[in-house]
Amino acid sequence: MISRFPGQPQLNGMLESMSLRPSSPVLVGRGEQLAALDAALDRACGGGAVTLLVGGEAGIGKSRLVNEFATGARAGGARVLRGGCLDLGTDGLPFAPFSAMIRELVRDLGAEQVAGLLPGRAASDLARLLPEFGEPDREADPVVARARLFEQVLTLVERLAEDAAVVLVIEDAHWADRSTRDLLAFLIGSQQALCNVLIIVTYRSDELHRSHPLRALLAELDRLGWVERMELPRLTPLHANELVACITGREPAASLADEVYRRTEGNPLFVEELLCCDGGMSAELPESLRDLLLAAARRLPEETQDLLRAASAGGQRNGDALLAAVTGHSSDDLTRALRPAVSANVLLADDGGYTFRHALIREAVYDDLLPGERTRLHTRFAEVLGADSTLVPAGRAAIEQAHHWYHAHDTTSALTSAWLAAAAAGRALAHAEQLTLLARVLELWDKVPDADERIGASHLTVLEQAACAAEAADNSERGVGFASAALQEVDAAAEPARAALLLLTRARLARHSGRESETADLRAALELVPPGTDDGARAKVLISGIKHVPEMSGAAAQDVAVEARTLARRAGDGATEAAALAELASIDSGVGDDAAALQRFDEARAIAMRAGAHGQLLHIAVNESHVLEGMGEHERAERTARAGIAQAGAYGLARTTGTFLAINVAEPLVSLGRWDEALEAIEHALELSPPTINRVALRIVGGDIALRRGDLAGATAALAAASAALGMRRYRGPHGSQYYLPLARLEAGLALAEERLSDALATIDATADQHDLLLTPRYGWPLLVVGARVCAEAARGARRDHPSRVQAEALLGRLLAIASKMDAAGPVQQAFRLTFDAEAGREPSAPAGSPLVRWDSAAAAWEKVSQPYELAMALNQAAAAAMAAGDRDGAAERLLRAAHLAEQLGVRPLRADIGALARSARIMLGEPSDEEDVPRPALGLTTREFEVLRHVAAGQSNPEIAAELFISAKTASVHVSNILAKLGVASRGEAAAAAHRLRLFEQQAPAA
Ligand SMILES: Nc1ncnc2c1ncn2[C@@H]1O[C@H](COP(=O)(O)OP(=O)(O)OP(=O)(O)O)[C@@H](O)[C@H]1O
Ligand SMILES: [Mg+2]
């Protein structure tokens, strides 16, 4: 039996609390399950019988979940009685969990009071569970004695439940002795007689081998209508990542997060066990964990254990033909010999192979191999695969062979096979694998004489390929190392274009890893390919230079892009030509000629499409959606970015470019006030474990929404996560501004909401010190607006906080100076500028002008670009200005509109502001009737649910809906459940029928 503390499980709780293993202060990723437990308790309190059987593998968090629920239930007034079964083998203590429960009860109430709950001398029956109740009655017939005991326990629970809800928790039922199982079956079977009682039973599902006695009981209980099963799944990558962050107190680096997930597969106990005190990851399995993992395997027959050891060298999954060939068994023999491992849940059998139930079980078995045994097994795997590559899925043989030769320590075979495998991995777009293999070629290079002849490529070529693979695999740190090594080897005089392209590669990698060397590299590259030498290489260098070399950007950018375009066309390089066009488009948009920009994007797309330049197509999607958003064309921006995400997925770039584009989906949705959809897009992207920098931007957008909604805790968490991740990087120039300025805006906005004015002022001041806001008006204006708002607030609270007032006056002067020089291209930036003017105009030191006129123009500008939140904010200010000017009707009209918008958006803080102003101005907002004006989809569905229903009615599955709406399948399934509940139907089919019957989709769907 797998046991963390063999023989002493009753000490579990104590040992756990004493253990030095770090654990998470918060429960991660179990919202759904907690809600289900809460709902079960509600049903039980409402008079229904409910039993929940909570299963899951060891360490998955059954106890933690139930404890967390129990704490909440206790706080809500329920009485929770808990008892655990003990791992004492078959002859365990009978009724152990019930004894523990009653002991707890006696401790709370005293034996007398407990006895008083039972009729007559019935309490003496409890003496069989607890000596405190004296001597048990000498009942001659043991059958009758047992029946009486069961009755008394039931009566006791029933009486307790008269005062308050009772939650009975029986933990670790896989260890239950026969008597405990019988009493449990009796209580659950009689539950319909009880009111106000919830029974929760936990058990390790991985321990339930085929003949385990609990299996029969569970099957029997399943037949009762009030018994539900809940199988706790492993944590998703996103939640595992969050768990690491909670345990270590900081956002883990992407590489650590990936590694943790790869090894633990989302089992929280394993995450805790593998994390070291310093927040890193232990390479070794801790002894306690190894014992837990190996316990089941060690009980298997010797022959089975031999096979398991062989399989552990084969990997997480072994096809049976391969394993048979390696071990010299016939397929039938193998099935027979491995059956015990399958019954004991060490391996899972599927069609044609065996998988270790958990990656760490394989690791533990493998770690137990002797070195000679490992070498022998890997050699055998490599030879067998060399003889028959069909033993593994197509395309995998080379890669697997390379792995086995390496671990068999056969350097020459390891080198040549790694080179072949790297090519195969590259073809399969498995760039991370390709990178590992190329690095291995380089590692073995010196140990193999004539390596270049054996693989037919030079050391320099391998380095170049490794740098490119690192870039594709988003591993810029290593890529920089490879590119630098290659630059040492390349002969720039003989091959200037090759050297220039290597410099270009290193510059890109350096940028992604937040280094500063890129500009120097780009300049050096440009010198290597002067006009008239290598058109293709020069065009590529020019394109990179536009964004990252000062003398090639700004006013020079147009000429540089035109030259790049001409050269690329001449060199027949469609991808670079398209890139040049996209640059020209962005330049057009920068000077306000959006129509020309959009035309150029169309042209660029056509060229990229013809050239099959997938990366470039995505680049265009990114830039075009960005431009559209700046134009206030939010819906088109969102559509363009979504289409880009779909393309990114098709090219295998869902995690990188796809999640970058998710930012461009979320931003327009935020502008449009469709925040739930924005959050769905963000959540979906975060689930893909995006590169740090994308995660930063996504978290910031999420934080903005939280802040607007008044969820300050959520905004704080988002801010902390984003700044921790960003703190490790040092981005410069416009590239950095797109992260730092929004981050500063969130930080200052949060400080403002929490009335920490000095902090808010300091944030804005520091940001203006460190960044040239004029470089990126797109991100500069929103920051100026918050800055002006903070200054206005500080000026108002003046007397109490004199230092802030002085600071605010100085800062406002500074912001006004910046604003006077800052461009405002496109309607959105113009709306920001008008808002800034209005906000800054509230200060007496600002130029004169009617505040009402200013705020009205700001509001009109926001209305034009369909940004309801900013519009509502401006209307609220306009109303205040109208009031101040004595125009009460004007104020009321504006305030009503603001209130209506705030209501639709569900923004508490703004609603509160509006309400306060209304009350102080004695303006009636007419609250109840407001609701009716809001266009809402029929049947109480939210706009999103309405949209999902449309797809359900069209017969689409959850994954299909998820793909269409860019949400996760889980989210889609939650929407569908809500829809079914709201429509009062039991199935998707019925929901579709209802939608058709009601002709829901015959007219236009209601507006959001
Ligand atoms: N969702 C979670 N968030 C944070 N920590 C968790 C979560 N789930 C489990 N843990 C932690 O992981 C460890 C193992 O969890 P727990 O003891 O609840 O597992 P279990 O399923 O009850 O295991 P066993 O079968 O051994 O009883 C504990 O330290 C627990 O605090
Ligand atoms: Mg437990």
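This text goes with the structure placed above it.
A.B. asks: Just checking my understanding: could you explain the overall build of the protein chain for this structure?
C.D. replies: The helix and strand inventory of the protein chain stands at 50 helices and eight strands. Relative to its length of 1008 residues, the protein chain is compact, with a C-alpha radius of gyration of 34 Å against a globular reference of 30 Å. Referenced to the eigenvectors of the C-alpha coordinate spread, the extents of the protein chain come out at roughly 105 × 90 × 60 Å. Considering the protein chain as a whole, with its 1008 residues, one finds that 53% of them fall into the buried category. Taking all contacts inside the protein chain whose residues are at least 6 apart in sequence as the whole, residues at least 24 apart take part in 68%. Counting only carbon and sulfur atoms, one obtains 52% of the accessible surface of the protein chain, whose full area is about 43500 Å². Distance between charge centroids for the protein chain: 1 Å, based on 102 positive and 134 negative side chains.

A.B. asks: I keep staring at the nonpolar core and nothing clicks. Help me out?
C.D. replies: With 107 residues, the main nonpolar core has W781, L784, F836, W862, L895 and I914 as its most contacted residues. With near-sequence residues (within four places) excluded, L784 lies in contact with L773, L815, I818, A819, M822 and F836. Within the second largest apolar cluster, 65 residues are counted, among which are A422, A469, A507 and A579.

A.B. asks: What is the right way to read the sheet that holds strand β3 (residues 166–171) from this model?
C.D. replies: Paired through their backbone hydrogen bonds, the strands of a sheet run either parallel or antiparallel. Ordered in space as β2-β3-β4-β1-β5, the five strands form an open sheet in which the pairing is parallel. Each edge of the open sheet is held by one strand with a lone partner, namely β2 (79–84) and β5 (227–231). Averaged over neighbouring strand pairs, the angle between their axes works out to 15 degrees when direction is ignored. Bridge count between β2 and β3: six bridges; the pairing is parallel.

A.B. asks: Looking at this model, I keep getting lost on the pairing of β3. Mind explaining?
C.D. replies: Consecutive side chains along a regular strand alternate between the two faces of the sheet. Of all six residues making up β3, six are buried, and the element is well covered by its neighbours. On β3, burial covers both faces: V166, L168 and I170 on one face and V167, V169 and E171 on the other are all buried. Where the polypeptide runs from β3 across helix α8 (residues 178–189) and back to strand β4 (residues 197–204), its parallel neighbour, the crossover connection is right-handed.

A.B. asks: Help me understand the environment of F946 in this model?
C.D. replies: Among the secondary structure elements, F946 is positioned in helix α47 (residues 943–953). Residue classification places F946 among the buried positions, given a relative accessible area of 4%. When the C-alpha positions of F946 and V976 are compared, they lie 10.0 Å apart, and in sequence the two are 30 residues distant.

A.B. asks: How should I be thinking about the state of the cysteines in this particular structure?
C.D. replies: Joining two cysteines, a disulfide is a covalent bond between their sulfur atoms. Here the structure, examined in full by the defined rule, presents zero disulfides. With no disulfide partner, C195 has as its closest neighbouring cysteine sulfur the one in C45, 8.1 Å distant.

A.B. asks: I'm lost on the packing of helix α41 (residues 826–840) against helix α42 (residues 851–864) in this one. Help?
C.D. replies: Two numbers describe a pair of packed helices, the interaxial angle and the distance between the axes. At a minimum axis distance of 8 Å, the contact between α41 and α42 shows a crossing angle of 160 degrees. The orientation of α41 relative to α42 falls into the category roughly antiparallel. Helix-helix and strand crossings are classified by hand; for α41 and α42 the assignment is left-handed. When α41 is examined against α42, the residues V828, A831, F832, L834, T835, D837, A838 and E839 are found in contact with a partner set consisting of R854, W855, S857, A858, A861 and W862. Residues of the contact of α41 with α42, tallied by class, amount to nine nonpolar, two polar and three charged.

A.B. asks: How should I be thinking about the side chain of D573 in this particular structure?
C.D. replies: Looking at where D573 falls in the secondary structure, it is placed in the loop between α28 (557–571) and α29 (574–590). What makes D573 buried here is its relative accessible area of 16%. For D573, the side chain forms a polar contact with the side chain of T576, separated by 2.5 Å. Not counting chain neighbours up to four residues away, the residues in contact with D573 comprise K540 and A568.

A.B. asks: Please clarify how helix α23 (residues 459–472) should be interpreted in this entry.
C.D. replies: Note: α-helices contain 3.6 residues per turn, so residues at a spacing of three or four share the same orientation. If you check α23, its first and last C-alpha atoms are 20 Å apart, about what 14 residues at 1.5 Å a residue would give, namely 20 Å. All of the buried residues along α23 are L460, V462, L463, E464, A466, A467, A469 and A470. Contacts made by the buried residues of α23 are with α20 (411–427), α21 (431–444), α22 (451–455), α24 (476–489) and α25 (496–512). Among the residues trailing α23, D474 stands out with phi positive, at a value near 60 degrees.

A.B. asks: What should I look at first to understand the pattern of salt bridges in this one?
C.D. replies: A side chain of one charge can pair with a side chain of the opposite charge if their charged atoms are brought near each other. Under the counting rule described, the total for this entry stands at 55 salt bridges. We note a salt bridge from R159 to E162, for which the minimum N-O separation is 3.4 Å. Here R159 pairs with E162, and both are found in helix α7 (residues 142–163), just three residues apart, close to one helical turn. Here R159 falls in the partly exposed class, since its relative accessible area comes to 32%. Overall, E162 belongs to the exposed group, its relative accessible area being 56%. D535 is the partner of R570 in a salt bridge, and the nearest nitrogen-oxygen pair spans 3.0 Å. You can see R570 sitting in helix α28 and its partner D535 sitting in helix α27 (residues 535–548), a full 35 residues away along the chain. The class of R570 is exposed, set by a relative accessible area of 58%.

A.B. asks: Honestly, the sheet that holds strand β7 (residues 347–350) in this entry has me stumped. Any pointers?
C.D. replies: Taken together, three strands build an open sheet; the order of strands is β6-β8-β7 and the sheet is antiparallel. Only two strands of the sheet have a single neighbouring strand rather than two, namely β6 (317–319) and β7. Between one strand and the next, the sheet's axes are offset by a mean angle of 20 degrees, whatever the strand orientation. The pairing of β7 with strand β8 (residues 353–356) spans four bridges and is classified as antiparallel. Counted as the bridge partner of A349 is Y354 from β8. In this fold helix α15 (residues 320–327) packs onto β6 and β8, with an angle of close to 80 degrees to the strand it touches most, β6.

A.B. asks: For this particular structure, what's the right way to read empty space enclosed by the protein?
C.D. replies: Counted by the stated rule, this structure contains three cavities of 30 Å³ or more. As for the largest cavity, its lining consists of L81, F98, M101, I102, L105, V153, L156, V157, L160, L168 and L187. Sorting the residues of the lining of the largest cavity by element identifies α4 (96–109) and α7 as the ones contributing at least two each. Here the lining of the largest cavity is built from residues that sort into 11 nonpolar, no polar and no charged. Each pocket or cavity is described by its volume, and for the second largest cavity that value is around 70 Å³. Residues that form the lining of the second largest cavity fall into these classes: six nonpolar, two polar and three charged.

A.B. asks: Quick question: what am I supposed to make of the packing of α25 against helix α26 (residues 518–528) here?
C.D. replies: Interhelical geometry of α25 versus α26 gives an angle of 165 degrees and a closest axis separation of 8 Å. Of the possible angle classes, the one that applies to α25 and α26 is roughly antiparallel. By crossing handedness, the relation of α25 to α26 is classed as left-handed. For the pair α25 and α26, contact is made by P496, A499, A500, L503, L504, R506, A507, A510 and R511 and by E518, D521, L522, A524, A525 and L528, respectively. Partitioned by chemical class, the residues of the contact of α25 with α26 number 11 nonpolar, no polar and four charged.

Reading the values: the criteria
In this convention, every chain numbers its residues from 1, walking through the sequence in written order. Starting at A for chains and at 1 for ligands, labels are handed out in the order in which the entities are written. The predicted nature of this model means local features are confined to residues of pLDDT at least 70 and side-chain atom pairs, given and counted, to a pLDDT of 80 or more, with totals for whole chains, interfaces and linings taken over all residues. Values shown for side chains rest on all heavy atoms present in the structure; no hydrogens or waters enter the calculation. What counts as a helix is a DSSP run of H or I of at least four residues, what counts as a strand is a run of E of at least two, and both are numbered from the N terminus. It is over C-alpha atoms that the radius of gyration is taken, and the globule rule equals 2.2 Å times the number of residues to the power 0.38. Burial classes: relative accessible area under 20% of the type maximum marks a residue as buried, over 50% as exposed, and values in between as partly exposed (1.4 Å probe, protein chains only). Should any heavy atoms of two residues lie within 4.5 Å, those residues are considered in contact. In this description, accessible areas are obtained by the Shrake-Rupley approach with a 1.4 Å probe, and a residue is regarded as covered only by the protein chains that are shown. Counted as positive: Lys and Arg. Counted as negative: Asp and Glu, with His and the chain ends omitted from the count. By convention, the charge on Lys lies at NZ, on Arg at CZ, on Asp at CG and on Glu at CD. Buried Ala, Val, Leu, Ile, Met, Phe, Trp, Tyr and Cys residues that are joined via side-chain atoms within 4.5 Å together make up what is termed a nonpolar core. Being paired, for any two strands, means DSSP has found at least two bridges between them. Between N-to-C directions, angles cover 0 to 180 degrees, with each direction set by a line fitted to C-alpha atoms, over the stretch in contact for helices. With the strands pointing away from the viewer, any crossover whose connection runs clockwise from the first strand over the helix to the second is right-handed. Note on terminology: pairs of cysteine sulfur atoms within 2.5 Å are recorded as disulfides. Reported orientations rely on four angle classes, namely roughly parallel under 35 degrees, roughly antiparallel over 145, roughly perpendicular from 65 to 115, and oblique for the rest. Helix crossings are classified by the rotation of the near helix relative to the far one: an anticlockwise turn of less than a right angle makes the crossing left-handed, while a clockwise turn makes it right-handed. When residues are sorted by character, Ala, Val, Leu, Ile, Met, Phe, Trp, Tyr, Cys and Pro go into the nonpolar class, Asp, Glu, Lys and Arg into the charged class, and all the rest, Gly among them, into the polar class. Definition of a polar contact: a pair of N or O atoms within 3.5 Å, with one able to donate and the other able to accept a hydrogen when the atoms are protein atoms, and with sequence-neighbouring residues admitted only if both atoms are side-chain atoms. Working rule for helices: expected span equals 1.5 Å times residues minus one. Here, a salt bridge means any side-chain nitrogen of Lys or Arg that lies within 4 Å of a carboxyl oxygen of Asp or Glu. Think of a 1 Å grid over the protein atoms and nothing else: a 1.4 Å probe that fits but is trapped marks a cavity, an open set flanked by protein within 12 Å on at least five of seven lines marks a pocket, and residues with an atom within 4 Å of a point count as lining. Grid points are joined across faces, edges and corners, and a volume is the space filled by probe spheres set on the points.

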